[in-house]
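# A look at the structure
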2 protein chains.
Amino acid sequence: MVGVACALEMIHTYSLIHDDLPAMDNDDLRRGKPTCHIAFDEATAILTGDALLTLAFEILSSIEPNDINDALKWLRVIKIIAIAAGYKGMIKGQIKDIASEGNPLGLEDLEQMHALKTGALIEASIITGAILGNGNFEQIEQLKIYAKNIGLAFQVVDDILNVEGDPVVMGKDVGTDQARKKSTYPSILGIEKSKEFAKNLVNNALQALDYFDNKADPLRAIAHYIVDRKK
Amino acid sequence: MVGVACALEMIHTYSLIHDDLPAMDNDDLRRGKPTCHIAFDEATAILTGDALLTLAFEILSSIEPNDINDALKWLRVIKIIAIAAGYKGMIKGQIKDIASEGNPLGLEDLEQMHALKTGALIEASIITGAILGNGNFEQIEQLKIYAKNIGLAFQVVDDILNVEGDPVVMGKDVGTDQARKKSTYPSILGIEKSKEFAKNLVNNALQALDYFDNKADPLRAIAHYIVDRKK
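For clarity, every value in this text was computed on a predicted model and none was experimentally measured.

Definitions and limits used
Residues numbered from 1 in each chain as written. Chains lettered and ligands numbered in written order. Predicted model: local features only at pLDDT ≥ 70, side-chain atom pairs only at ≥ 80, totals over all residues. Heavy atoms only, no water. Helix = DSSP H or I, 4+ residues; strand = E, 2+ residues; numbered from the N terminus. Rg over C-alpha atoms; globule rule 2.2 N^0.38 Å. Buried < 20%, exposed > 50% of the residue type's maximum accessible area, 1.4 Å probe, protein only. Contact = heavy atoms within 4.5 Å. Areas by Shrake-Rupley, 256 points an atom, 1.4 Å probe, with all protein chains shown as cover. Lys, Arg positive; Asp, Glu negative; His and termini not counted. Charge placed at Lys NZ, Arg CZ, Asp CG, Glu CD. Phe/Tyr/Trp six-rings, centres within 6.5 Å; stacked < 30°, edge-to-face > 60°. Lys NZ or Arg CZ within 6 Å of the ring centre and 35° of its normal. Least-squares fit on C-alpha atoms with pLDDT ≥ 70 in both. Buried area = accessible area lost by both parts, 1.4 Å probe. Salt bridge = Lys/Arg side-chain N within 4 Å of Asp/Glu carboxyl O. Polar contact = N/O pair within 3.5 Å; in protein donor to acceptor, adjacent residues only side chain to side chain. Axes fitted to C-alpha atoms, helices over the stretch in contact; angles between N-to-C directions. Parallel < 35°, antiparallel > 145°, perpendicular 65-115°, else oblique. Left-handed = near helix turned anticlockwise from the far one by under 90°. Nonpolar A, V, L, I, M, F, W, Y, C, P; charged D, E, K, R; others polar. Expected span 1.5 Å × (residues − 1). Core = buried A, V, L, I, M, F, W, Y, C linked by side-chain atoms within 4.5 Å. Arc of directions from axis to C-beta.

Moving on, we come to the overall build of chain A. In terms of helices and strands, chain A carries twelve helices and two strands. The linear arrangement of helices and strands in chain A, starting from the amino end, is α-β-β-α-α-α-α-α-α-α-α-α-α-α. In summary, chain A has a C-alpha radius of gyration of 18 Å against a globular reference of 17 Å for 231 residues, a match within 12%. For chain A, the spread of C-alpha atoms along the three principal axes comes to 55 × 45 × 30 Å. Taking all 231 residues of chain A together, 48% fall into the buried category. Considering only contacts in chain A between residues 6 or more positions apart, those separated by 24 or more positions represent 67%. Here chain A has roughly 11400 Å² of accessible surface; of this, 54% comes from carbon and sulfur atoms. Both charge centroids of chain A, one from 24 positive and one from 33 negative side chains, sit 3 Å from each other.

Below, the structure written as structure tokens:
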């Protein structure tokens, strides 16, 4: 279980390092610190991303299953993570994001882009945890709803913070989306409707958790954190 | 088995696409054709490499094992490939290769760099085939010797062809290693000793196959091809 969390964090970090590259988003700062290609160089950033992605699968395949069901569960976990991170998931989202530069997206396309770019890996994180925790079919379905909603809410709040967040608290510049003419929820819906939308998404996520007892409280806390966060 | 071959080819292709990038080897041509970032753009080349690497693990984890031994074998195959492609294998080799620019390598360092950069994945290809074909311990050990020797022989012949190959047959320029002041077998050993070295390596590889009957003939043919090839 710890291995899966490590692997997912590695895949997330690889995607940030590659997304920051000059050929992609060309970002110099990430969480107030120089990005990998600024602190080192581009070749190091490309190879570090590649290494983290590969190491994630080394870790995931290093478990020693107890029996055939356990082994099947692990193969399923590896497959879910590979699909979420791959050309049908996160990478497709990044391609859509790059293609959208200078071509403003509608609400539906924006939602699809985020569902792929950040949503897919969030969903995989939650679903693989549920599989390894022996969740049943109905539980996994509810957690998928939870994941989809908090994934999108996270992105909507990200867009809102880029408009009215405090750059000191956030450790990065604000107003960059507007400067780059990026399609965002505030640019399409306006700031108030965006906040309302984020709250509704989090409520949907919390509702999906009604199916669970207080063991799901950490997931509830994550949902609340997503709308309340200041950075 | 077909899935493993596909996955390995994808990992090989991803490594070529990323190695060709401007921040790495900055190559415009590969096998006589424009490299990925020339034909498309850098962002596409980075993402295509990432997608191929991830897809390899999706394919490897998509098999449906028959029993626990079969499942354990597949998890072992995924792990071997991840290690060979990762920071302890291929990526370490690429880092050593980049670091060697302007710092000529000795024979031992050159051999280690190639053992990692190209040897690790060749060895993984052969070992995973042996594991899935139910090879016993001794067979796998002999195949490791075979793999190490043909892997290095391939690289030595590559260096020789860069000196005296026919650019029309090869579909790429020759003399580029010398122009870039790269450490190669001909630059350290001279061309005749390099040819002798390649032949010895192939003989070692063939000797390791003495342990096998004529089912290993395709591996023997590969060993002969490596020294005889003109491109």
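Before going further, it helps to spend a moment on the environment of A:Ile91. Structurally, A:Ile91 can be placed in helix α5 (residues 90–99). Separated by 16 residues in sequence, A:Ile91 and A:Leu107 have C-alpha atoms that sit 20 Å apart.

Another point: the packing of aromatic side chains. All names here are of chain A. Tallied over the entire structure, the rule returns five aromatic pairs over all chains. Measuring from ring centre to ring centre gives 5.6 Å for Tyr185 and Phe197, while their planes differ by 45°; the resulting arrangement is tilted. Here Phe197 lies in helix α11 (residues 191–208) and Tyr185 lies in helix α10 (residues 185–189), a separation of twelve residues in the sequence. Among the residues examined, Tyr185 registers a relative accessible area of 0% and is labelled buried. The interplanar angle of 70° and the centroid separation of 5.6 Å between the aromatic rings of Tyr211 and Phe212 together place this pair among those described as edge-to-face. Arg229 extends its terminal NZ or CZ atom over the ring of Phe154, reaching a point 3.9 Å from the ring centre.

Let us now look at the relation of the copies chain A and chain B. Rotating chain A by 180° and translating it 0.0 Å along the rotation axis places it on chain B, where the RMSD comes to 0.0 Å. Given the turn and translation reported, the copies of this chain are related as if by a two-fold rotation axis. Closest approach to the rotation axis among the C-alpha atoms of chain A is made by A:Ile68, whose C-alpha sits 2.3 Å away. Taken as a fraction of all interface residues of chain A, those also at the interface in chain B reach 100%, which identifies the copy contact as same-surface.

This next bit is on the interface of chain A and chain B. Between chain A and chain B, the residue contacts involve 37 residues of the former and 37 residues of the latter. Roughly 3200 Å² of surface becomes buried between chain A and chain B when both sides are summed, with 78% attributable to carbon and sulfur atoms. Along the contact surface separating chain A from chain B lie two salt bridges. Close ionic contact of A:Glu58 with B:Lys88 constitutes a salt bridge, the shortest N to O distance being 2.8 Å. Counting across the chain A and chain B interface gives six residue pairs in polar contact (both at pLDDT 80 or more). Elements supplying a minimum of two residues to the side of chain A that touches chain B: α1 (2–19), α3 (42–60), α4 (68–85) and α5 of chain A. With eleven residues, the single largest contributor to the side of chain A that touches chain B is α3(A).

Closest axis-to-axis distance for the α3(A)/helix α3 (residues 42–60) of chain B pair is 10 Å, and the angle between their directions is 20°. In terms of orientation, α3(A) lies roughly parallel with respect to α3(B). Here the hand of the crossing between α3(A) and α3(B) comes out right-handed. For the pair α3(A) and α3(B), contact is made by A:Glu42, A:Asp50, A:Leu53, A:Thr54 and A:Phe57 and by B:Glu42, B:Asp50, B:Leu53, B:Thr54 and B:Phe57, respectively. Considering only residue class, the contact of α3(A) with α3(B) consists of four nonpolar, two polar and four charged.

Further remarks concern unusual backbone geometry. Residues and elements named next belong to chain A. Phi is positive for Asn26, which is not a glycine, with a value near 55°. With respect to the helices and strands, the residue Asn26 is situated in the loop between α1 and β1 (29–30). The exposure class assigned to Asn26 is partly exposed, which follows from its relative accessible area of 44%. A positive phi angle is found at Arg31, which is not glycine, with a value near 50°.

A separate point is α4(A). Here α4(A) contains 18 residues, and its C-alpha end-to-end distance of 26 Å stays within 8% of the 26 Å for a straight helix at 1.5 Å per residue. Looking only at α4(A), the buried set comprises A:Asp70, A:Ala71, A:Lys73, A:Trp74, A:Leu75, A:Val77, A:Ile78, A:Ile81, A:Ala82, A:Ala84 and A:Ala85. In this structure, the buried side of α4(A) is in contact with α1, α3, α5 and α6 (107–132) of chain A together with α3 and α4 (68–85) of chain B. Its side-chain oxygen 3.1 Å from the backbone nitrogen of A:Asn69, A:Asp67 forms the N-cap of α4(A).

The next point concerns the nonpolar core. Nonpolar side chains in soluble globular proteins generally cluster together in the buried interior. Judged by nonpolar contacts, the single largest core of 132 residues is most densely connected at A:Ile11, A:Leu60, B:Ile11 and B:Leu60. Setting aside its immediate chain neighbours within four residues, A:Ile11 contacts A:Leu53, A:Ala56, A:Ile81, A:Ala85, A:Met90 and A:Leu121.

Turning to α5(A), a few remarks are in order. Within α5(A), burial applies to A:Met90, A:Ile91, A:Gly93, A:Gln94 and A:Asp97. Across the axial projection of α5(A), the buried residues extend over an arc of 155°, all falling on one side. Next to the buried residues of α5(A) lie α1, α4 and α6 of chain A together with α3 of chain B.

Bringing the environment of B:Asn136 into the picture now. You can see B:Asn136 is positioned in the loop between α6 (107–132) and α7 (137–164). A residue is classified by how much of its surface remains accessible, and B:Asn136, at 38% relative accessible area, is partly exposed.

What is shown is where atoms sit, not what they do.
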